[in-house]
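Chains, contacts and geometry: an overview
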Amino acid sequence: MSDAFFTCRKIVLLAKSTSTQIEGVFAATEERSIPEEQEALLQQWLEEGAGNLPASESVPVVGEVSVALTSDWLEGSELLMTSLSDLNSAPEVTWCAGQQLTELHALSSSEPQDHELAELAKLPVEKTVAVAGSAPWAAVVPQTDHQIVGCAAFDVGVQNEDPAVLAWSLASEEEPVPTDPPAWPIQNVVQFYPLPTEVPYHEILWRDWEDLSAQPCVLEQVSKNTPLFEFRVMSYNILAQDLVEQGADLYLHCHPDILKWNYRLPNLLQEIQHWDPDVLCLQEVQENHYWEQLEPKFKEMGFACFYKRRTGTKTDGCAVCYKHSRFQLITVSPIEYFRPGLGILNRDNVALVLLLQPLLPEGLDLKAVSPLCVANTHVLFNPRRGDIKLAQMALLLAEIDKIAKTTEGSYYPVILCGDLNSVPDSPLYKFIRNGELSYHGMPAWKVSGQEDFSQQLYSRKLLVPLWPSSLGITDNCQYVTLCQPKKPGRRKYSRDFLLQFQFCDVACERPPQLVLLEGVTDAKPDRPAHWPKPAAMVEDPDPQPFIPRSSGVIQHGLNLTSVYSHFLPQRGRPEVTTMPMGLGCTVDYIFYSAEPVENGKSGGRRLYQDGALKLLGRLSLLSEDVLLLANGLPNHFYSSDHLCLLASFGLEISSLREG
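Residues numbered from 1 in each chain as written. Predicted model: local features only at pLDDT ≥ 70, side-chain atom pairs only at ≥ 80, totals over all residues. Heavy atoms only, no water.

The name that an unreviewed UniProt entry assigns to the protein chain is Protein angel homolog 1, with the source organism given as Limosa lapponica baueri. The heading Sequence similarities (unreviewed entry) in the UniProt record of the protein chain holds the text "Belongs to the CCR4/nocturin family." (UniProt positions renumbered as here; feature names shortened; annotations may be inferred.)

Here we take up the sheet that holds strand β16 (residues 372-378). Across the sheet, which stays open at both edges, the 6 strands sit in the order β13-β14-β16-β17-β23-β20 with mixed pairing between neighbours. A single partner strand is all that each edge strand has here, and the edge strands are β13 (327-336) and β20 (560-562). Here the strands of the sheet are splayed against their neighbours by 20° on average, with no regard to which way each runs. Two strands pair when backbone bridges link them, and β16 and strand β17 (residues 414-419) are joined in this way by 6 bridges, in the parallel orientation. Among the inter-strand pairings, A375 is bridged to a residue of β17, identified as L416. Against the sheet, helix α10 (residues 386-404) touches β13, β14 (350-358), β16, β17 and β20, its axis set at about 150° to β13. (Pairing = 2+ DSSP bridges. Helix = DSSP H or I, 4+ residues; strand = E, 2+ residues; numbered from the N terminus. Axes fitted to C-alpha atoms, helices over the stretch in contact; angles between N-to-C directions. Contact = heavy atoms within 4.5 Å.)

This structure, assessed with the given rule, holds 13 aromatic pairs. Where F229 meets F327, the ring centres are 5.6 Å apart and the plane angle is 80°; that geometry is what we call edge-to-face. With F229 in strand β9 (residues 228-237) and F327 in strand β13, the pair connects residues that are 98 residues apart, well separated along the chain. Taken as a pair, F229 and F327 share a single burial class, namely buried. The ring of W209 has R232 sitting right over it, with the charged end atom 4.5 Å from the ring centre. We note K323 situated over the ring of F303; from NZ or CZ to the ring centre the distance is 5.1 Å. (Phe/Tyr/Trp six-rings, centres within 6.5 Å; stacked < 30°, edge-to-face > 60°. Buried < 20%, exposed > 50% of the residue type's maximum accessible area, 1.4 Å probe, protein only. Lys NZ or Arg CZ within 6 Å of the ring centre and 35° of its normal.)

Attention now goes to helix α8 (residues 261-275). When the terminal C-alpha atoms of α8 are compared, their 21 Å separation across 15 residues agrees well with the 21 Å that a helix rising 1.5 Å per residue should span. Listed in full, the buried residues belonging to α8 are W261, Y263, R264, L265, N267, L268, L269, E271, I272 and W275. (Expected span 1.5 Å × (residues − 1).)

Here we take up a nonpolar patch on the surface. Together, V515, L517 and V520 make up a nonpolar patch on the protein surface, roughly 280 Å² of accessible area in all. Residue position: V520 is located in the loop between α13 (505-508) and β19 (553-555). (Patch = residues over 30% accessible without salt bridge, like charges linked within 9 Å, V, L, I, M, F, W, Y side chains within 5 Å. Areas by Shrake-Rupley, 256 points an atom, 1.4 Å probe, with all protein chains shown as cover. Salt bridge = Lys/Arg side-chain N within 4 Å of Asp/Glu carboxyl O.)

Turning to the confidence of the model for the protein chain, a few remarks are in order. The predicted model of the protein chain averages 75 in pLDDT, with 59% of residues at 70 or higher. Confidence over residues 50-77 falls short of pLDDT 50; this stretch has 77 contacts with residues more than four positions distant or in other chains. Contacts for the low-pLDDT stretch residues 104-110, under 50 throughout, to residues beyond four places or in other chains number 10 contacts. (pLDDT = per-residue confidence, 0-100.)

With that settled, consider the packing of α8 against helix α9 (residues 287-300). The contact between α8 and α9 brings their axes to 12 Å, and the two run at 30°. One way to sum up the angle between α8 and α9 is to call them roughly parallel. Crossing of α8 against α9: the hand is right-handed. For the pair α8 and α9, contact is made by W261, L265, L269, I272 and Q273 and by H289, Q293, L294, K297 and F298, respectively. Tallied by class, residues from the contact of α8 with α9 come to 6 nonpolar, 3 polar and 1 charged. (Parallel < 35°, antiparallel > 145°, perpendicular 65-115°, else oblique. Left-handed = near helix turned anticlockwise from the far one by under 90°. Nonpolar A, V, L, I, M, F, W, Y, C, P; charged D, E, K, R; others polar.)

To continue, consider the pairing of β17. Counting buried residues along β17, 6 of its 6 residues qualify, which places the element largely inside the surrounding structure. Side-chain alternation along β17 places V414, L416 and G418 on one buried face and I415, C417 and D419 on a second face that is also buried. Note on the crossover from β16 through α10 to β17: the handedness is right-handed. Here β17 pairs with strand β23 (residues 588-593) via 5 bridges, running antiparallel. Counterpart to I415 in the pairing with β23 is Y592. (Right-handed = clockwise from strand over helix to strand, strands pointing away.)

Spelled out as structure tokens, the structure:
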């Protein structure tokens, strides 16, 4: 089963028979007749099998088989959204009874005629299947027009290659299942292996909801009878269609139909609508699709939306949407990482930061809940330029610091979503989670951990300072206007202000302790005629704030931890959010504010516990081996090359103080 790959093409539905003989349709080559030698071999094989067939057993002719389905097939991602208990009980395939069954016995007991073999050669190869041995299979082709009352008939009609229709089968080009196939009597004919029934296709991609409300911190909150404002947050890189077409080589493993936008859009919207998040953070949102299709649809779903396109010639960007029935906007801040003249910020990535006020339901007029800061970003992909990734992240954290900071100096709860193009436990990840990173001398490729370039003769190293002071951001990831006051007696002056002292009297005097060397220290600069003699020191009209810079260490004070653990203990494998070139990795995250545990560190990792913002649940991720069974990403159910991330949070609701 581990090597089996399922596809959702409308090919055939294989139904196992109890007989050792198959009458009717067996095998055919595509657009050509069966050679005479193969026809004779087939006739001999049928005659020998018929002699050993018990009278009580028979197999229906494929063209006459009828089955009854207890429920309709579910299509697309809708099947994944259905509970397992419902899926285990339906649909079931049952053979028709009564007169139809009698007719099938009669048909199966008759000998094959010459005209039947002639018709056999005309059938397309995808509509027929030949099986020999003790475990034969009957091939049944789905029919779109049900004409038999009380029984869903399957006709060998013209097949519709619609990938959205679920007819479970094994594609002939995929790898075989690890079972011994029956002997195949005819050469050069596509062989179908028996359909494994251990794990249905919809269960391969099943994602469980993990309820974390039983954590001690949440139970303590419940015991105190303190209510929580509960909401869901989704982060999703939906794969811009322009990027699909520009990088077609990355998706050669996908059926062309599932890469079309008119197929992907309904799948994406259905998935979002099913999970019903209150806050939605999207990356790789194509601009024309956003304004023409996504935003109108999101407004119908009750969202208020904000969008920021990437700078330059890129056509995609980031979007943040929130349910206006649950939140009210306080402020929104779009961020452009591109800064002209700065080589470390010369890329077109963007971000959005929103400050939202949760809206309490009626009856809680004397209650209050803290505002919530939500940030969404898509960081540079280039694995070699970790210096740019760190600078982009520092700029985002500085903006969050400004938006989420309270008048008392603390922070409102923060939720940071996005595609960070960095793997867990990479230096960039540790910087976000641990709040500190010593970067001096670090190879730039090592920052994100995406690829290993250690064998290269030359690699870019991170130097101090990582970004220039002109950016206006300190090594604590704060804007300089929010820095601590300057130390007493320490001043910083502008260049123009200092230049006026170039030829002042003090500058033109030779210090008495200076050794007199003729032609070297005995020269006295001449004051230019146009240079005015300053009467006294004047105040600097354009003072520059002092920016303290440390020796290769950057920090932030937001106390962020990840919703996901990045490991699946029940499978013993790492979690996966994307599969570039068939290799699974995690690059998408939801970070949220937590309280650091005092003196709590484990293996260099800061330990956290939930504070005012509590993690109540999350949608489980999948492992690489599971996604490989579904032919990777995108596939027929998941229409992006990333999985969506979903988490449920609770914000403490406090009582208003009277007077």
